[in-house]
Every structure is written in C-alpha cells, then in structure tokens.
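# Residue-level structural notes
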Amino acid sequence: MWDDPGLYGPRRALPLRAWPVAGESTGSFVNRLAHANGLSLAAFLDRVGQGEASADPERVEKYPRCTEMYVNEAGLHYLSVLADLSPGLLQQDLPSLGAEWLLAGGPEEAAEWRRPWEPLAGHLVRYCRLCGDDLGVGEAVWLMSPDSWQVCLRHGYWSDDSRGRGPDFVRLTELPETVTAHGVRQQLAARWGPAGEELFADAFQVAVYWWTRMPDTVCWVQRAWTAGLGAREVRAAPLVIYPEAAELAGAMLDFERAGQRDAAARAGWLAGVEQLMVRWGVDVAEGRQALLVWLGRHCMGVPAASRPADGCRLMLASGHGGIASRSGSVRQRSCLTWQLGMTAADM
C-alpha cells in the first residue's frame, strides 16, 4: 500500500501506472491514474494537494470532460511521485503542466490544485476512442486542443468539446469531403509552414462568417444532417464548413503565390472566388464583405519579395502578420477574427 500523503505529501508511487497520452489534459490523466488504482477522482485529488471540489462525488467524476486541472510547482511534484514519472516527462505530454500554466507558489509552498470551469487556454476535446484502444488506455481520454475539434484520419472520426451534448464522435464515412479537407489543411502546413496554416485559418474564419449569416446553405444543412447534428447547432459549424474552407484556402494560396496585388489582380481573384461561392450555394452579395476584408489585409504592407526564391515559403503581407498569431487556435492564427465580428469566432 502506498503512503498516505500526510503533512509532506506522498512518498511512494501508486501501485499501478498510467501513461499520459501526448496532448492529454491533466484532468483526464489523473482521472485515469486514480481509476487504475481503484480510487475515486475525489479521493485522488486529496493526494495532490489542497483545492476545492464539489461535495457531490458523482459531479467530481464528470470533471475530466468539463474542467481542466492546474497545479502549482509543489502539486506537480506530488503528481510526479504518485505517477512514478518525472515532472519533465509529465510536462512533455500534459500541456497544462507547462511552466506558463503552473499556479503561483514555489516548491516550498503547500501543494495546490485548481479546476476552473473553463480551461485557461484551449478546449477539452475527446481523443479518438479507437486510438485509445490501440494504446490500451482503458477509458475515455480528453485532449487539450487549440481548436474546439479534432479529426482522426486514421480511423475517420471527428470529435469536439461538446461536453456530453449529443454524440461524442461523428463517423466521417459518409462525409468524405471533410476527410479530404482535413488532408488539404495538413498539406498546406507541411508544404508552406506557418503561412499555409495561417491561410487556412483565414479561409476558415471567412467560412465561419458565412455560416453565422447563412446557416441554411444547402450543402451545410445536408452535412449536418448526415452527421446527426442540427443544421443550426454551433458545434456543427466547423464540421460542415471544412470543405469550403479548404478550397478557399487553396484560392488564397494562389493569390499569394501570384504576387500580383493591384486592383485588377484583386478584382480577378474576387470574381473567381465568387464563382466558387455560386457553386457552393453561398450567397455572393452576403458573403463578399469577408473576402474584401481579407484582400485589404493582404494588400497592406506587401513585402518586397512575396515569393522567396526557394519556392517553399511564403511571406504574407504585414497587414496579415500584424494581427495573426504564429501559434494557437485557428481563430488566433487568422487576421480576420476581430474585423468580421463573428458570433461564432471561437470555433
């Protein structure tokens, strides 16, 4: 039997180990570690320091899908002892244990943990259950994801941060265009690096803007129904707009690579995208504004060499770079977030 934590914290590891999944939330990991050793989550939390939890044990058991867990440096040490893993290894796989997210208090302070209702950064997204089975984790795993959704191309599943409302997973067998779109996003990132990721983010934000104003667009309604979701559910939006966002990102890439940004080039590009909108069933008059904003951002402070000689990188205009982040969610990586005033901008 392991030692009671007592005054100075745990001195021995729990009998059975649980291995963290890369990107897993701390709350998800400690839940699995507790259950592997026959402990309730509430009983385990007592061993990681001081904190406030619900008096209802059933509610505490729901924490992994609803809240993230944060600890101070001493709490990280306690967790390291219990898990029989070094603090460095835990921090490597569990993003919320990173130094920037540790609660105040040095190693000599009392161990503390907190579980705010909303994660301090990112979203709690369900890990593909088949991937979990392959790793032998035995129960649900929740990831800390920059975006509110995840796509598993290996098994063809979509999951998000729905927190138990509706299905945990959407099977993508009948939505091959969404699978293809995710592959396009990955190719943009692999081929063009940060610029490719940011162009996809811009295209995605334009598509979000369209969806908030035109959720009844036929192709989006049909995809939502195929996925078993309501056409006007916010959680359906990223899934249903993905194909158009990916195709639009390709058009944006073409504009950037052409390097022509005068009025004629902008008008020609806009006319081409409007033809795509007609094919998609998106109202051109309603949707044009978002494209004009994007063109404005990408013609401001154009770099002297917009097409580097190696052909493998793009230098986006400073009008984009002055707003878009080089990391974070798809929303943060776009230059359009605040300009479009989206009601679903955190998707």
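In this text, all values refer to a predicted model and were calculated from it rather than measured experimentally. (Residues numbered from 1 in each chain as written. Predicted model: local features only at pLDDT ≥ 70, side-chain atom pairs only at ≥ 80, totals over all residues. Heavy atoms only, no water.)

### Some words on the packing of helix α11 (residues 263-280) against helix α12 (residues 284-297)
- Orientation of α11 relative to α12, taken along the N-to-C sense of each, is 140 degrees, at an axis distance of 11 Å. Taken together, the axis directions place α11 and α12 in an arrangement best described as oblique. Considering only the axes of α11 and α12, their crossing is right-handed. Contacts from R266, W269, L270, V273, E274, M277 and V278 of α11 reach α12 at V284, G287, R288, L291, L292, W294 and L295.
- Among the residues making up the contact of α11 with α12, the classes are represented as 10 nonpolar, 1 polar and 3 charged. (Axes fitted to C-alpha atoms, helices over the stretch in contact; angles between N-to-C directions. Helix = DSSP H or I, 4+ residues; strand = E, 2+ residues; numbered from the N terminus. Parallel < 35°, antiparallel > 145°, perpendicular 65-115°, else oblique. Left-handed = near helix turned anticlockwise from the far one by under 90°. Contact = heavy atoms within 4.5 Å. Nonpolar A, V, L, I, M, F, W, Y, C, P; charged D, E, K, R; others polar.)

### Concerning the packing of aromatic side chains
- Applying the stated criterion across every chain, the model contains 12 aromatic pairs.
- Between W149 and F204 the ring centres are 5.0 Å apart and the planes differ by 20 degrees, which places this aromatic pair in the stacked class. Note that W149 is positioned in strand β5 (residues 149-152) and F204 in helix α8 (residues 176-213), a separation of 55 residues in sequence. The same class applies to W149 as to F204, namely buried.
- Both rings, one in F255 and one in W294, keep their centres 5.6 Å apart while their planes meet at 65 degrees; by these two values the pair is edge-to-face. Placement of F255 in helix α10 (residues 237-258) and of W294 in helix α12 is noted, with a sequence separation of 39 residues between them. Comparing F255 with W294, the two get one shared label, buried. (Phe/Tyr/Trp six-rings, centres within 6.5 Å; stacked < 30°, edge-to-face > 60°. Buried < 20%, exposed > 50% of the residue type's maximum accessible area, 1.4 Å probe, protein only.)

### Some words on the confidence of the model for the chain
- The predicted model of the chain averages 87 in pLDDT, with 89% of residues at 70 or higher.
- Least confident of the elements in the chain is helix α14 (residues 337-340), whose mean pLDDT is 55; most confident is helix α9 (residues 218-226), at 97.
- Counted against residues more than four places away or in other chains, residues 1-6, with its pLDDT under 50, gives 16 contacts. (pLDDT = per-residue confidence, 0-100.)

### Quick notes on the packing of α10 against α11
- Relative to each other, α10 and α11 sit at 165 degrees, their axes nearing to 11 Å. If you check the angle between α10 and α11, you find them roughly antiparallel. The hand of the α10/α11 crossing is right-handed. Listed contacts from α11 to E244, E247, L248, A251, M252 and F255 of α10 are A265, R266, W269, V273, L276, R279 and W280.

### Regarding the sheet that holds strand β6 (residues 157-160)
- Pairing in this open sheet of 3 strands is antiparallel, and the strands run β5-β6-β7 from one edge to the other. Each edge of the open sheet carries a strand with a single partner, namely β5 and β7 (169-171). Along the sheet, successive strands turn relative to each other by an average axial angle of 20 degrees, direction set aside.
- Here β6 pairs with β7 via 3 bridges, running antiparallel. Each residue of the ladder has a partner; that of S159, found in β7, is F169. (Pairing = 2+ DSSP bridges.)

### Focus: the pairing of strand β4 (residues 142-145)
- Side chains W142 and M144 of β4 all project onto a buried face; the interleaved residues L143 and S145 project onto the opposite face, where all are buried too.
- Here 4 bridges tie strand β3 (residues 123-126) to β4, and the two strands are oriented antiparallel to one another. In the sheet register, H123 faces β4, and the bridge partner there is S145.

### A short note on the pattern of salt bridges
- This structure, assessed with the given rule, holds 14 salt bridges.
- The partner of E112 in a salt bridge is R114, and the shortest N-O contact between them spans 3.5 Å.
- Judged by relative accessible area, R114 falls into the partly exposed class, the value being 38%.
- In this structure, R279 and E247 form a salt bridge, with 2.4 Å as the shortest nitrogen-oxygen distance. Residue R279 is found in helix α11, and its partner E247 is found in helix α10; the two are separated by 32 residues along the sequence.
- A residue is classified by how much of its surface remains accessible, and R279, at 54% relative accessible area, is exposed.
- Look at the salt bridges and you will find they share partners, linking R65, R126 and D168 into a network. (Salt bridge = Lys/Arg side-chain N within 4 Å of Asp/Glu carboxyl O.)

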